[in-house]
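# Remarks on the overall topology
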Amino acid sequence: MPEPVVAMRGIEIGFPGVKALDGVDFRLLPGEVHALMGENGAGKSTLIKALTGVYGLDGGTVTVRGEPAVFSGPAAAQAAGIATVYQEVNLCPNLSVAENILLGREPRRPVWQGGRIDRRGVRRRAGELLARLRLDVDPDSALGEHPLAVQQLVAIARAVDLEADVLILDEPTSSLDATEVAELFRIVRGLRADGVAVLFVSHFIDQVYEIADRVTILRNGRLVGEHLVAELPRLDMVAKMVGHELAVLADLDREPAAEVAGDPTVTPVLAARGIGRGGAIEPADLDVRPGEVVGLAGLLGSGRTELVRLLFGADRPDAGSLQVRGRPVRLRGPHAAVAEGIAFCSEDRKGEGVVGDLTVRDNIVLALQARRGWARRIPRRTADELVARWISALDIRPADPDALLRNLSGGNQQKCLLARWLITEPRLLILDEPTRGIDVGAKAQIQQLVAELAGDGLGVVFVSAELEEVVRLSDRVAVLRDRRKVGELPRADASVGRVMELIASGGGHLA
Amino acid sequence: MTATMPTGTTTPAASAARSRSWRPSRRLVPTLATFVLFVALFAGGSLRYDGFFSGQVLLNLFVDNAFLIVLAVGMTFVILTGGIDLSVGSVVALSGVLSAKLLAAGWAPVPVMLLVLVLGTALGLAMGAVIHYLDVQPFVVTLAGMFLARGLCYVVSVESIPIRDPLFTAFATGAVYLPGTELYVSPSVLVALAVVAIAAYVLACTRFGRGVYAVGGSSHSAMLMGLPVARIRVGVYAISGFCSALGGLLFAFYALSGYSLAAVGTELDAIAATVIGGTLLSGGVGLVAGSLLGVLVLGLIQTVISFEGTLSSWWTKIVIGVLLLAFVVLQRVIVRGGPR
C-alpha cells in the first residue's frame, strides 16, 4: 500500500458543549477517491475544516506526505497542495472563465515590460487546463453565462491549477443533474489517474458506489469505520451511517388508522400526482387520507424537505398536480395552502417558524390572525381563551402566555409552533423534523400529540431523519432516496430494517 | 436546468479562434448605448444650432468637466467593488479651500498640491479601513466623511478665498493648442486624460485591477480564492480620495478660488456619470472609459440647454434624472435577461 498523502490521527475538536470530533482517524492515499459519509452532524465538514486549517485541533495530529502539518487556514493548506471546492460555487460570475481559473496567480510580463498581466498567457494557460479536463468552454466567456455545473467544473480547474495533490470536493454534486454529475465524475477519474487524492463528500449513495474506492463513515463525531467500497454492501453502509441507537421512548398507545390507510375509497385530504421540481425532487405521488399519518423517510439530502415544500406551495412544482379533498388546486404560495387548510411546520424552527421576541400568546395566534387579515383583530378575550386552551392541551411550559418565546426550551417552542397551526383547524398538518434538537421527553410528547391529532381525523405528513420515529408513528412510510421516491411501506411491513433496505437498494434489488 | 454539457473534445485553439470574432459582450451594452447617445446628442445639437458643430464645443466639454472626469474615475473604482463614496464633493471643496488658504499664507504651490493630495488619500484610506475592518456600510461611512470634510472647509475659511499664485493662474489660463489647429484645451484636461489612461491600465492589466472586479463580483468568493480583499477594498477608497483631492485642485484651477460651498452635490454628478457610463451599481461590471463618456454626456446635455437659450438650467437636472433612471432600468433588463 502506498504511503498516505494525508494522515489524521486521533483528531479531537470540541465546541462549547459539543464534542464535534472524538478521536477520529482518517487517511487519504494518492490516486484514490475517498468518500466521507455520515448523517447530518456526523462531523464530515468539521473533519474537512480540521484538515484545511479552518479549525484548530484540540487533540490529534495531521501529517501531510509524512511531515507533521499545522495549517493556519485555507490559504496555507492550498500552498501545501490541498485544494478545496465547496458546495456553492465560490467564483466571480462577472469575470471570464480564464480569469476565474487564474485570479491572483495571473502570469505577468517581466518588470522591464511594465509587469502587467500577460493576457495572452492567461488565456493560454486557462485553455491548457480546460483542455486537460477536456472541457470545451471558451476561456474568454463570462463565467456567469454558463450553467452551474460548468461553473463547478471551472472551480475544479482552478483547484487543479494549484497543482494540488489533494482535492477536497465538499458535496460537489448537490446542485447537479445526472448528466452533469457524469461529466464531473469523468474529470475526477482523470485526476485520480494522474495520482491526485480526491476526498469526496456526498449524501448520494449511488454516486459513492460509482466513483469512490474507499469510504470512511462517521457518526456523531466518531469514526465508524473505513472500508473498501467494493467490499461494503449498501445495506451495511446505511446501517453504519444511521446506527442502531434505539431511542428510549415510551411505547405509543396508538390505534393505527388501518381502516383508511391505503384505502382507495376514502378521498385523500391531499393527493399529489407526479409532483416534482427540477434539481430538488423527481416527480412523485403521495396520498394523505384523513386520520392517517404518512411518514417520509430518507437520508439527509434525499428530498424529504423538498417534497413537503412542494405540497405546501412554498416552492413552485414544475411537474405534476395536487388535489385537495378531490378538487384540483394550484398552490400559488403558502398563503394559498393555508386557505386550503394545510399547515406546515418548517424544519428550520428558528429561521422560518417561531418569533423569539414575541410572547407565547402572540406566536400562537399569529397564523390565525394572518388568516383573518390584519384588519380584523382577534379580540383579546378570544385570543386568551384559545391560547389558554392550547397551552394546557399541549402542556406548554411555562404555562405563561406572556413569556417570551426565545426563553422556552426547543421542545416547548415546537409545541407553540404546533399550537399556532392547530388553532387554524387545518385538515392536513405537515411536520418537517418536528422533533429535531429537542430532548427525549418532549419528543415523546410531540409524537403522542401527532398520534392523537390523527385520531381526531387530521391528515399528517411526518418527516424525520430518525427512522425509528417515522416507523413507529406512521400508517404508511414513503421512502425517499437521492431525490426520488423509491417506495412506500404500509404499517404492517414497515420496520427500520425494511426502510433501510429500501434506501440502500433504491427500490431495486440489493447490491 | 436545461444545461447542455460540453461533451466534445474541441481543442482550446478552436475556442480561441471562436473568441477572436468580436462580439460586444452584453455587459458592454450600457456603455455602447452611452456612446450612441453621445453621438446622437452631438449630431442633434449640430443640426439644430449654428456653431454647435465645432471641435471647440467638443473640447470645451473636457475643459469644463476635467475635475468631474477625475472624480468619476475614482468613483468607478469604488462602485466596481460594490461600494459608494459620498465624500468626493466635500473633499473637492476642502482641497480648494485649503489650497487657497495655504497659498494666501505664503506657501509654495507645489508643497500645497502635495499636501492636499496626501490629505485626500489619507481620508479615503481611513474611510476604507472603517468600511472594511469594522464592516460598516460604505454609504454611512462616506456620508460621515462628507460632513466631516464639509465641516472642515468652514474651519479653514467661511469666506471665498481668491487664488493669485502664478502657477495656479498659469494652469487656469493656460491653453494647450492641438497641433496645427486653432483648437485648444486647458492643462487640466491633460491631467484628467492621464488619470483616465492610468486608471484604465490599472483596472485592465494589473492584479489589483482584476481583484477590484472580483471583489465586486463576489467579495466572499474573492476571499476564498485567496485574493487580498482587504487591500483592494481599502485601496479603492484611497484611490477615490486621491482623485477627489486631485479633482479639487483642478476645480481650484478652474475657479481660481477656494470656497466652502463649492461643489455641493458633485458626488452625485460623479455617481450619475459612472452609472450612465455603464458601471453596475452593485459592482463587478464597468469601464473607466464608460465613466468618461458619462461625464461627456452630462456636459453635452448642459451645452445643448445653454445653446437652446430659452430653457432654464434646471432642465439639465431633469434630463439627467430621466437618463439615470433609463440606464439603471437598462442594466436591470440586461442583468435579468442574462442566463442566471
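Residues numbered from 1 in each chain as written. Chains lettered and ligands numbered in written order. Predicted model: local features only at pLDDT ≥ 70, side-chain atom pairs only at ≥ 80, totals over all residues. Heavy atoms only, no water.

Attention shifts here to the domain arrangement of chain A. When the parts of a complex come together, some accessible area is lost, and that lost area is often used as the size of the interface. All names here are of chain A. Here chain A is described as being made up of domain 1 (6-242), domain 2 (250-341 + 428-511) and domain 3 (354-425). Counting the surface domain 2 buries against domain 3, the share from its top three residues, Val338, Gln445 and Leu449, is 37%. Taken together, the connections running from domain 2 to domain 3 amount to 0 residue pairs in polar contact (both at pLDDT 80 or more). Breaking the side of domain 2 that touches domain 3 down by element, the ones donating at least two residues are helix 10 (334-339), strand 17 (428-432) and helix 15 (440-455). No other element matches the 5 residues that helix 15 contributes to the side of domain 2 that touches domain 3. For the side of domain 2 that touches domain 3, the per-class residue count stands at 11 nonpolar, 2 polar and no charged. (Domains from an automatic or database assignment. Buried area = accessible area lost by both parts, 1.4 Å probe. Polar contact = N/O pair within 3.5 Å; in protein donor to acceptor, adjacent residues only side chain to side chain. Helix = DSSP H or I, 4+ residues; strand = E, 2+ residues; numbered from the N terminus. Nonpolar A, V, L, I, M, F, W, Y, C, P; charged D, E, K, R; others polar.)

Our next topic: the state of the cysteines. Under the criterion given, the structure shown has 0 disulfides over all chains. A disulfide-free cysteine, Cys345(A) has its sulfur positioned 11 Å from the sulfur of Cys416(A), the nearest such atom. The structure places no disulfide on Cys205(B), whose sulfur is separated from the nearest cysteine sulfur, that of Cys243(B), by 18 Å. Among the residues examined, Cys205(B) registers a relative accessible area of 10% and is labelled buried. (Disulfide = S-S within 2.5 Å. Buried < 20%, exposed > 50% of the residue type's maximum accessible area, 1.4 Å probe, protein only.)

Residue and element names in this part refer to chain B. Its place among the elements puts valine 156 in helix 6 (residues 138-156). Through-space distance from the C-alpha of valine 156 to that of glycine 294 is 33 Å; in sequence the pair is 138 residues apart. Residues contacting valine 156, with those up to four places away along its chain left out, are Val97, Leu98 and Lys101. (Contact = heavy atoms within 4.5 Å.)

With that settled, consider the nonpolar core. A general tendency of soluble globular proteins is for nonpolar side chains to be buried together. Met37(A), Ile101(A), Ile156(A), Leu167(A), Met237(A) and Val499(A) are the most contacted members of the largest nonpolar core, which has 169 residues in total. In terms of residues, this core owes the most to one element, helix 3 (residues 55-80) of chain B, which gives 18 residues. Summarising the domain contributions, this core has at least three residues from each of domain 1 (6-242) and domain 2 (250-341 + 428-511) of chain A. With residues up to four places along the chain from it excluded, the contact list for Met237(A) reads Met37(A), Ile205(A), Val208(A), Tyr209(A), Val215(A), Ile217(A) and Leu232(A). Core analysis: the second largest hydrophobic core is formed by 67 residues, Ala337(A), Leu394(A), Leu428(A) and Ile430(A) among them. (Core = buried A, V, L, I, M, F, W, Y, C linked by side-chain atoms within 4.5 Å.)

A separate point is the packing of helix 4 (residues 119-132) of chain A against helix 5 (residues 148-161) of chain A. Residues and elements named next belong to chain A. Relative orientation of the contacting elements helix 4 and helix 5 amounts to 110°, with a least axis distance of 10 Å. With respect to each other, helix 4 and helix 5 are oriented roughly perpendicular. Counting all contacts with helix 4, which are made through Arg125, Leu129 and Arg132, the residues of helix 5 involved are Ala157, Val160 and Asp161. Class assignment for the residues of the contact of helix 4 with helix 5 results in 3 nonpolar, no polar and 3 charged. (Axes fitted to C-alpha atoms, helices over the stretch in contact; angles between N-to-C directions. Parallel < 35°, antiparallel > 145°, perpendicular 65-115°, else oblique.)

Here we take up the packing of aromatic side chains. The full count for this structure, using the stated rule, is 12 aromatic pairs over all chains. On the numbers, 6.0 Å between centres and 40° between planes, the contact of Tyr49(B) with Phe52(B) is tilted. Comparing Tyr49(B) with Phe52(B) shows no difference in burial state: the two are buried. Judged by centre distance (4.4 Å) and plane angle (10°), the rings of Phe171(B) and Phe253(B) are stacked. With Phe171(B) in helix 7 (residues 166-173) and Phe253(B) in helix 11 (residues 229-255), this residue pair connects regions lying 82 residues apart in the sequence. A network of ring pairs unites the aromatic residues Phe42(B), Tyr49(B), Phe52(B), Phe53(B) and Phe307(B) as a single cluster. Here the basic side chain of Arg234(A) rests over the ring of Tyr209(A), its NZ or CZ set 4.5 Å away from the ring centre. (Phe/Tyr/Trp six-rings, centres within 6.5 Å; stacked < 30°, edge-to-face > 60°. Lys NZ or Arg CZ within 6 Å of the ring centre and 35° of its normal.)

Spanning 21 residues, helix 13 (residues 288-308) of chain B covers 30 Å between terminal C-alpha atoms, matching the ideal 30 Å at 1.5 Å per step. With its phi angle positive at about 80°, Gly309(B) sits one or two positions after the end of helix 13 of chain B. (Expected span 1.5 Å × (residues − 1).)

On to empty space enclosed by the protein, then. A probe matching the size of a water molecule, rolled over the atoms, marks out where space remains unfilled. On inspection of all chains with the given rule, the structure shows 3 cavities of 30 Å³ or more. As for the largest cavity, its lining consists of 18 residues, of which Gln78(A), Thr84(A), Tyr86(A), Arg158(A) and Leu224(B) are closest to the centre. The element best represented in the lining of the largest cavity is strand 6 (residues 82-85) of chain A, accounting for 4 residues. Here the residues of the lining of the largest cavity sort into 12 nonpolar, 4 polar and 2 charged. Taken together, His203(A), Ile205(A), Leu299(A), Leu300(A), Gly301(A), Ser302(A), Leu480(A), Arg481(A), Asp482(A) and Ile503(A) make up the lining of the second largest cavity. Considering only residue class, the lining of the second largest cavity consists of 5 nonpolar, 3 polar and 2 charged. (1 Å grid on protein atoms, 1.4 Å probe; cavity = no way out; pocket = protein on both sides within 12 Å on 5 of 7 lines; lining within 4 Å. Points joined across faces, edges and corners; volume = space filled by probe spheres on them.)

Right, let's talk about helix 6 (residues 178-193) of chain A for a bit. Residues and elements named next belong to chain A. Look at helix 6: 23 Å from first C-alpha to last across 16 residues, which is about the 22 Å you get at 1.5 Å a residue. Considered for burial, the residues of helix 6 that qualify are Glu180, Val181, Glu183, Leu184, Phe185, Ile187, Val188, Leu191 and Arg192. Looking at the buried side of helix 6, the elements it contacts are strand 3 (33-37), helix 4, helix 5, strand 7 (166-170), strand 8 (197-201) and helix 7 (205-211). Of the residues one or two after helix 6, glycine 195 is the one with positive phi, at around 95°.

It is worth spelling out the side chain of Ser99(B) at this point. Residue and element names in this part refer to chain B. Relative to the helices and strands, serine 99 resides in helix 4 (residues 88-104). Here the side chain of serine 99 touches serine 95 through a polar contact of 2.7 Å, landing on its backbone oxygen. In contact with serine 99, other than residues within four places in its own chain, are Val112, Val116, Phe168 and Leu249.

Moving on, we get to the confidence of the model for chain B. Predicted confidence across chain B gives a mean pLDDT of 86, with 90% of residues reaching 70 or more. Predicted confidence for residues 1-23 of chain B stays below pLDDT 50, and this span has 33 contacts to residues more than four positions away or in other chains. (pLDDT = per-residue confidence, 0-100.)

It is worth spelling out the pairing of strand 19 (residues 476-481) of chain A at this point. Residues and elements named next belong to chain A. Across the 6 residues that make up strand 19, a large majority, 6, are buried. Here strand 19 shows two buried faces, one formed by Arg476, Ala478 and Leu480 and the other by Val477, Val479 and Arg481. Of the pairings in the sheet, the one linking strand 13 (residues 293-297) to strand 19 comprises 4 bridges and is parallel in character. Opposite valine 294, over in strand 19, you have arginine 476 as the bridge partner. (Pairing = 2+ DSSP bridges.)

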